[in-house]
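Here's the letter readout for the chains.
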Amino acid sequence: MKQFTILCLFLLGWSGINVQAQDEGLPQNYSIILGGGVSLPHVEGNRNDFFSKNGDRAGYDIMLEGRYYFLPQFALGVQYDYLRIARLPDKIHLHYIRPNITFRHLWSNGNQGAFLSFGIGYMDYQERTYKRGERSGHLFQRGYCGISFGTGYEFRIARQFSGILRMDMLTADWFANPDARLYNTDGYDDGVNHNWFKNNITFFNLGFAVQFGR
């Protein structure tokens with residue numbers, strides 16, 4: 001009976017230490033992540049109006065993610081990114097939402113970790129470009145199926161609060177676009193439908209995020 005009592009006290013003490021470590025470490029049940037950073041585009045062939053006119057200019061990214069952890073090393077979630085790149089008056093906007101699968105490795109008693117994530121979802125691309133003397137400019141908008149890969153380093157800051165250094169890659173295969181036309185550089189329309197062929201456009205987002213959860 002005495003041995004059983006000692007064993008019960010030991011298990012209760014171990015459980016308390018384990019729960020405390022879980023509360024003080026990185027989230028292992030659920031989390032909300034908010035962040036931002038710089039967005040670096042790469043357009044193959046520069047066949048897009050904005051990028052052929054302005055080059056691969058850097059912009060910014062704002063992201064929001066929610067995760068639910070089935071295991072400390074595995075989570076399902078949803079992530080939203082908003083990207084903006086501009087060389088005024090020309091500008092692009094990109095909205096991208098997708099479900100995410102996240103794999104994570106923890107160390108230092110759960111106070112640090114690294115993750116890899118994969119997502120596939122809806123990408124809405126918008127751009128508006130202007131020629132000299134134009135007021136309204138040319139608007140192009142279209143939705144695509146996008147793919148994303150993410151990686152990052154998580155570290156505990158305070159109880160139920162942590163920071164993340166992260167990189168996300170967003171990409172899509174964009175085929176011939178019947179809604180777009182290209183014109184000669186002097187503005188003359190030759191009457192031929194020169195469709196854009198955008199076979200690949202990729203954005204690399206580098207930034208910092210804060211994470212709340214338990």
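Shown above is the structure to which this text applies.
Summary of the structure given here.

Comments concerning the nonpolar core
- Counting 16 residues, the largest nonpolar core has Phe51, Ile92, Leu94, Tyr125 and Phe203 as its most contacted members.
- Broken down by secondary-structure element, the contributors of at least two residues to this core are helix 2 (49-54), strand 3 (74-87), strand 4 (90-107), strand 5 (112-129), strand 6 (138-158), strand 7 (161-172) and strand 8 (201-213).
- Counting five residues, the second largest nonpolar core, distinct from the first, contains Ile33, Met63, Phe115 and Ile164.

Examining empty space enclosed by the protein
- Tallying each qualifying case throughout the model produces one cavity of 30 Å³ or more.
- By volume, the largest cavity is sized at about 60 Å³.
- The set of elements that each furnish at least two residues to the lining of the largest cavity consists of strand 1 (30-43), strand 2 (59-71), strand 7 and strand 8.
- Residue contributions to the lining of the largest cavity peak at five residues, all from strand 8.

Some details on the pairing of strand 8
- Looking at chain direction, strand 1 and strand 8 are connected through 13 bridges and run antiparallel. Counterpart to Ile32 in the pairing with strand 8 is Phe212.
- Here 12 bridges tie strand 7 to strand 8, and the two strands are oriented antiparallel to one another. When the sheet's bridge partners are listed, Phe161 is paired in strand 8 with Phe212.

Observations regarding the pattern of salt bridges
- All chains considered together, the criterion is met by seven salt bridges.
- The partner of Glu154 in a salt bridge is Arg67, with the nearest N and O atoms 3.3 Å apart. Of this pair, Glu154 sits in strand 6 while Arg67 sits in strand 2, placing them 87 residues apart in sequence. The pair formed by Glu154 and Arg67 is uniform in burial state, with each residue classed as buried.
- Several salt bridges converge on common partners, so that one network encompasses Glu65, Arg67, Arg104, Glu154, Arg166 and Asp168.

Focus on a nonpolar patch on the surface
- Taken together, Ile32, Leu34, Tyr60, Ile62, Leu64, Val78, Tyr80, Ile97, Tyr122 and Phe212 make up a surface patch of nonpolar side chains, about 920 Å² in accessible area.
- Looking at the nonpolar patch, the elements with two or more residues in it are strand 1, strand 2 and strand 3.
- Counting residues per element, the nonpolar patch draws most heavily on strand 2, which supplies three residues.

Side note on the sheet that holds strand 1
- Overall, antiparallel pairing links the eight strands, which are arranged 1-2-3-4-5-6-7-8 in a closed barrel. Direction aside, neighbouring strands of the sheet carry axes that sit 20 degrees apart on average.
- Of the strand pairs in this sheet, strand 1 and strand 2 are connected by 10 bridges, and their pairing is antiparallel. In the sheet register, Ile32 faces strand 2, and the bridge partner there is Gly66.

Concerning the side chain of Glu154
- Overall, Glu154 belongs to the buried group, its relative accessible area being 0%.
- A polar contact of 3.3 Å, which involves the side chain of Glu154, links it to the side chain of Arg67.
- Only 3.2 Å separates the side chain of Glu154 from the side chain of Arg104, close enough to count as a polar contact.
- Discounting chain neighbours no more than four positions away, the residues touching Glu154 are Leu26, Arg67, Arg104, Asn111, Gln112, Gly113, Phe115, Gly163, Ile164 and Gln211.

Some remarks on the side chain of Ser39
- Counting through the fold element by element, Ser39 comes out in strand 1.
- Relative accessible area serves as the criterion here: at 0%, Ser39 is assigned to the buried category.
- For Ser39, the side chain forms a polar contact with the side chain of Asn205, separated by 2.8 Å.
- If we skip the residues at most four places from it in the chain, Ser39 touches Arg57, Ala58, Gly59, Tyr60, Asp61, Leu83, Phe203, Phe204 and Asn205.

Conventions and cut-offs
Residues numbered from 1 in each chain as written. Predicted model: local features only at pLDDT ≥ 70, side-chain atom pairs only at ≥ 80, totals over all residues. Heavy atoms only, no water. Core = buried A, V, L, I, M, F, W, Y, C linked by side-chain atoms within 4.5 Å. Buried < 20%, exposed > 50% of the residue type's maximum accessible area, 1.4 Å probe, protein only. Helix = DSSP H or I, 4+ residues; strand = E, 2+ residues; numbered from the N terminus. 1 Å grid on protein atoms, 1.4 Å probe; cavity = no way out; pocket = protein on both sides within 12 Å on 5 of 7 lines; lining within 4 Å. Points joined across faces, edges and corners; volume = space filled by probe spheres on them. Pairing = 2+ DSSP bridges. Salt bridge = Lys/Arg side-chain N within 4 Å of Asp/Glu carboxyl O. Patch = residues over 30% accessible without salt bridge, like charges linked within 9 Å, V, L, I, M, F, W, Y side chains within 5 Å. Areas by Shrake-Rupley, 256 points an atom, 1.4 Å probe, with all protein chains shown as cover. Axes fitted to C-alpha atoms, helices over the stretch in contact; angles between N-to-C directions. Polar contact = N/O pair within 3.5 Å; in protein donor to acceptor, adjacent residues only side chain to side chain. Contact = heavy atoms within 4.5 Å.

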